[in-house]
Amino acid sequence: MIAIITGASKGIGKCTALKLKNYGYTIVSISRSEPDFGDIKFKVDVSDKIAVKDIVDKILGEFSFVDVIVNNAGFGIYGSFKETSLDEEEYMVRTNFLGTIYFTKFLLPSMIERKKGNIVNIISEAAYVSSPKLLVYSATKAALASFTNGLWAEARKYGVKVSGIYPGPVRTNFTSHPSFNGVKNSFDKFSVEPEKVANAVIKSIKTGKREIYVPSRLKIEPYFLKLSNVMQSITYRIVSKWFS
Ligand SMILES: NC(=O)c1ccc[n+]([C@@H]2O[C@H](COP(=O)([O-])OP(=O)(O)OC[C@H]3O[C@@H](n4cnc5c(N)ncnc54)[C@H](OP(=O)(O)O)[C@@H]3O)[C@@H](O)[C@H]2O)c1
């Protein structure tokens, strides 16, 4: 069993890679800096379409198939929209959203051919609760949620399972981006350990659930999100019939 994890050098990605290894997967780790864990490690910027295509071709050339892709690479920029850097925001959109589109685009055909595979996208509660000072980040995650939900409906008839994981705050290097200066402590207060997200990834691979929440230490968000999830699930089932 082969699993690719993007953003595997630290945080949620590294923890997920270690967890999947324990479940018997051969791990392909990807990040910009050299990942220190994985059976095969690649230094790739996921925002670079040509580099992603090249690496997917290499991986498929070696293994001919991939069982699981965990699209996890991403980062956030904190600050008022009137002050944040547009160049950095463009790069964030390419990393958080397009990176997932690229890997999925290049891997999906081989999964459809085998009628087998899991695509797991690490999204965020921010997809549903856009937060001031994190609004472009939230928008990248909302786009990812929309893509994931549509793909779940489209790919399931080919035997490919698609899931979105929606963590609240998680204790990782996420707040190490310089723009988070000063807010790290209040963020950390509510954070859970990355292992909880890794467990959610395992659950998503087993069940193919469309949405899995990993709440903050407050534990209240899922009640609200689940309510909207029920309505969405009904809608997606109807809509996927119309367009199939
Ligand atoms: N921590 C949270 O509270 C939280 C909550 C909800 C969702 N998430 C999501 O969880 C995912 C993982 O974040 P994390 O919390 O684990 O943060 P992290 O500890 O900073 O890890 C981010 C990972 O992404 C990689 N990465 C970033 N940009 C990349 C790029 N352009 N190309 C390739 N790799 C890239 C980083 O490695 P390099 O720097 O070496 O490239 C690193 O391995 C992100 O998508 C984030 O939005 C996090």
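- The name given to the protein in an unreviewed UniProt entry is 3-oxoacyl-ACP reductase, with Acidianus brierleyi as the source organism.

**Details of the environment of Ser-47**
Reasoning step 1: In this fold, Ser-47 is placed in the loop between β3 (40-43) and α2 (49-63).
Reasoning step 2: Since 20 C-beta atoms lie within 10 Å of it, Ser-47 is described here as buried.
Reasoning step 3: Residues Ser-47 and Phe-187, 140 residues apart in the sequence, show an inter-C-alpha distance of 27 Å.
Reasoning step 4: Aside from chain neighbours lying at most four places away, what touches Ser-47 is Tyr-91, Arg-94, Thr-95, Leu-98 and Gly-99.

**Topic: the sheet that holds strand β7 (residues 211-214)**
Hydrogen bonds between backbone atoms are what pair the strands of a sheet, whose relative direction is either parallel or antiparallel.
Reasoning step 1: Across the sheet, seven strands lie side by side as β3-β2-β1-β4-β5-β6-β7; this open sheet has parallel pairing. The sheet is open, and its two edges are formed by β3 and β7, each paired on a single side. On average, each strand axis in the sheet is tilted by 15° relative to the strand beside it, whichever way the strands run.
Reasoning step 2: Where strand β4 (residues 68-71) lies against strand β5 (residues 118-122), four bridges are found, and the strand directions are parallel. Directly across from Asn-71, in β5, lies its bridge partner Asn-121.
Reasoning step 3: Lying on the sheet, helix α4 (residues 135-155) is in contact with β5 and β6 (161-167); it crosses β6 at an angle near 155°.

**A closer look at the packing of α2 against helix α3 (residues 86-114)**
Reasoning step 1: It is the contact of α2 with α3, at a shortest axis distance of 9 Å, that shows an interaxial angle of 30°. Here α2 lies roughly parallel to α3, going by the angle between them. Crossing handedness for the pair α2 and α3: right-handed. For the pair α2 and α3, the contacting residues are Lys-49, Val-52, Lys-53, Val-56 and Leu-60 in the first and Tyr-102, Phe-103, Phe-106, Leu-107 and Ser-110 in the second.
Reasoning step 2: When its residues are assigned to classes, the contact of α2 with α3 shows seven nonpolar, one polar and two charged.

Cut-offs and rules
Residues numbered from 1 in each chain as written. Predicted model: local features only at pLDDT ≥ 70, side-chain atom pairs only at ≥ 80, totals over all residues. Helix = DSSP H or I, 4+ residues; strand = E, 2+ residues; numbered from the N terminus. Buried ≥ 20, exposed ≤ 12 C-beta atoms within 10 Å, placed from the backbone. Contact = placed C-beta atoms within 7 Å. Pairing = 2+ DSSP bridges. Axes fitted to C-alpha atoms, helices over the stretch in contact; angles between N-to-C directions. Parallel < 35°, antiparallel > 145°, perpendicular 65-115°, else oblique. Left-handed = near helix turned anticlockwise from the far one by under 90°. Nonpolar A, V, L, I, M, F, W, Y, C, P; charged D, E, K, R; others polar.

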